[in-house]
Amino acid sequence: MRYISTRGQAPALDFTQAMMTGLARDGGLYVPETVPQMRGGEIAALAGLPYEQVCLQVIRPFVGGDFTDGDLSRLIGAAYAGFDHVARAPLVQLAPNHFLLELFHGRTLAFKDFAMSLLGQLMQAALERSGRRITIVGATSGDTGSAAIDAFRGLANVDVFILFPHGRVSEVQRRQMTTPAEDNVHALAVDGDFDTCQARLKDMFNDHAFRDEVGLAGVNSINWARIVAQIVYYFTAAVSLGAPHRRVSFTVPTGNFGDIFAGHIARAMGLPVDRLVIATNQNDILHRVLSHGEYATRAVAPSISPSMDIQVSSNFERILFEAMGRDSAALAQRMEGLVQGRGFVLDPGELDFLRTKFASGSASEAETIAAIAAVHAETGQLVCPHTAVGIHVARQRLGHVPMVTLATAHPAKFPDAVERATGIRPPLPPHMADLYERPERVTRVANDLAALQAIVREQRRA
Ligand SMILES: *Cc1c(COP(=O)(O)O)cnc(C)c1O
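These remarks concern the structure in this document. (Residues numbered from 1 in each chain as written. Predicted model: local features only at pLDDT ≥ 70, side-chain atom pairs only at ≥ 80, totals over all residues. Heavy atoms only, no water.)

## Some thoughts on the environment of S362
By the secondary structure assignment, S362 is in strand β13 (residues 359-362). In this structure S362 comes out as partly exposed when scored by relative accessible area, which is 25%. Distance in space between the C-alpha atoms of S362 and R7 is 30 Å, their sequence separation being 355 residues. The contacts of S362, once residues within four sequence positions are left out, are T280, N281, D284, H287, E367, H392 and V393. (Helix = DSSP H or I, 4+ residues; strand = E, 2+ residues; numbered from the N terminus. Buried < 20%, exposed > 50% of the residue type's maximum accessible area, 1.4 Å probe, protein only. Contact = heavy atoms within 4.5 Å.)

Set out below in structure tokens:
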């Protein structure tokens, strides 16, 4: 299996190389040259298997010959052993023909754990082979950072630095990043917002001398290995509901377009997915582009579903690459314009392509709160605000085909919004019950590239 860059100017790589590289050197994103196919009989044979075995079947063709089946099984087992539900991604029913796929049973209570914990195992295995060490630096609005720290804490060949905006993540998110005691974990509170953190991160990657000096590696949502891990739960959910004999639809709370792109790949592999519905909060650039064809960024408006407060949706480049007939030169030109603050208008053919693949909707703040309250009143269940955005959008599209809404975080990760809607403050699960008592360790940093680089050089265990 070979991976090519969407911008066409970086070398094709195998799976391990694409995983270790993250962002291509030409600024593009790696995509598989061809999507592997699963026949109906192979999909039917997944019914009733444990999550880990479905994972092996689904990801094996993407990994190619990089790992043996035995190694891959062992790494998958280690990745999901810390989850607190045996099904890993259980499906619960919300209403007639409407289901919730609970993706928050990992160690840091958001769906990011599915990808990050597997990425941690695969990267460590690749590093042990090569004898290399790496320095992972990531920027987060909250959930990616906590999942990355949990996945890489204590690993011998890895230091992990996470940049988060000082004062702008929830207390649970901050404590998940600042309380791990392992000395390879470094939480950095940056003076600025999430876009600032992401900009400094890009600067570090673009400083090629620094990149090579510290062995910089990225784990943000454009890393292809993360997408691969997320394909798996589309298969387990659809098969539970009757695939390949019955079609299934999904509604996905969306920010960087990583999770829903995984659903798109599952469908391209042969899973009978009827509709893939993009659900956005008030930061609704993706809903607007599907509605009018104009990709125009605005300022981010902070919301009660902060993990989706995004304007430039990084993985959207992957679907745009397909919509544009894999014309990497034209794509590169558009993305360049975006960096310079210009939006773009899709051609009618491109817009048609996207509309045949996706539907979309958005939820305002009031609609999000109302959805949390309604679900609680009807079922007794508490849902997080991101999940509520999905539920609000999905409800307008219920019909004969089973609809699965992805529950992307545990309600206890966003207790203020849940309490506002229901009057109930959801408790943390037992393994995190003492989170508020654990000592915190964090370095406050100015919004300054040189200062950040100095901290990485000084704190990493060379
Ligand atoms: C990251 C995140 C999202 C958005 O996922 P994308 O892959 O960026 O579209 C939604 N909900 C929660 C809770 C998240 O952490």
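Continuing now.
## Let's talk about the pattern of salt bridges
Pairing between side chains becomes possible if they bear opposite charge and their charged atoms approach one another. For the structure on display, the rule yields 27 salt bridges. Across the pair E33 and R2 runs a salt bridge, and its minimum N-O distance is 3.3 Å. Here E33 is found in the loop between β2 (30-32) and α2 (40-44), whereas its partner R2 is found in the segment before β1 (3-5), with 31 residues between them in sequence. Judged by its relative accessible area of 36%, E33 is partly exposed. Between R457 and E213 there is a salt bridge, with its nearest N and O atoms 2.8 Å apart. Taken together, the positions of R457 in helix α19 (residues 449-459) and E213 in helix α9 (residues 208-214) put the pair 244 residues apart, joining distant regions of the chain. According to the relative accessible area criterion, R457 is partly exposed, its value standing at 41%. Its relative accessible area of 42% is what places E213 among the partly exposed residues. Within the structure, one salt-bridge network assembled from shared partners comprises R107, D150, R153 and E182. (Salt bridge = Lys/Arg side-chain N within 4 Å of Asp/Glu carboxyl O.)

## Quick word on the site of the ligand
In the vicinity of the ligand, 15 residues are found, and the nearest of them are K112, D143, G255, N256 and T408. For the ligand, an oxygen atom lies 2.7 Å from a polar atom in the backbone of N256. Here G258 contributes a backbone N or O atom positioned 3.2 Å from an oxygen atom of the ligand. In isolation the ligand has 380 Å² of accessible area, and contact with the protein removes 97% of it. Its residues assigned to classes, the shell around the ligand shows 5 nonpolar, 7 polar and 3 charged. (Near = heavy atom within 4 Å. Polar contact = N/O pair within 3.5 Å; in protein donor to acceptor, adjacent residues only side chain to side chain. Areas by Shrake-Rupley, 256 points an atom, 1.4 Å probe, with all protein chains shown as cover. Nonpolar A, V, L, I, M, F, W, Y, C, P; charged D, E, K, R; others polar.)

## Things to note about the packing of helix α12 (residues 285-292) against helix α15 (residues 348-357)
The contact between α12 and α15 brings their axes to 9 Å, and the two run at 115°. Considering how the two elements wind past one another, α12 and α15 form a crossing that is left-handed. On α15, the residues that touch V289, L290, S291 and H292 of α12 are L351, L354 and R355. Here the contact of α12 with α15 is composed, by residue class, of 4 nonpolar, 2 polar and 1 charged. (Axes fitted to C-alpha atoms, helices over the stretch in contact; angles between N-to-C directions. Left-handed = near helix turned anticlockwise from the far one by under 90°.)

## Brief notes about the side chain of D113
Mapped onto the elements, D113 comes out in helix α5 (residues 112-130). Look past the residues within four positions of D113 in its chain and what remains in contact with it is F83, G106, R107, T108 and A147.

## Regarding the pairing of strand β4 (residues 98-102)
With 5 of its 5 residues buried, β4 lies for the most part within the structure. Here β4 shows two buried faces, one formed by H98, L100 and E102 and the other by F99 and L101. As defined by bridge partners, strand β3 (residues 91-95) adjoins β4 across 4 bridges and the pair is classed as antiparallel. Bridged to V92 within β4 is L100. The antiparallel hairpin formed by β3 and β4 contains 2 residues in its connecting segment, where N97 sits at a positive phi of about 65°. Pairing between β4 and strand β14 (residues 403-407): 5 bridges, direction parallel. The partner of H98 across the bridge, within β14, is M403. (Pairing = 2+ DSSP bridges.)

## Description of the packing of helix α6 (residues 143-152) against helix α7 (residues 171-178)
Contact pair α6 / α7: the axes reach a minimum separation of 9 Å and the direction vectors enclose 25°. As the angle between them shows, α6 and α7 are arranged roughly parallel. Seen from above, α6 lies across α7 with left-handed handedness. Along its contact with α6, which presents D143, G145, S146 and I149, the element α7 presents Q173, Q176 and M177. (Parallel < 35°, antiparallel > 145°, perpendicular 65-115°, else oblique.)

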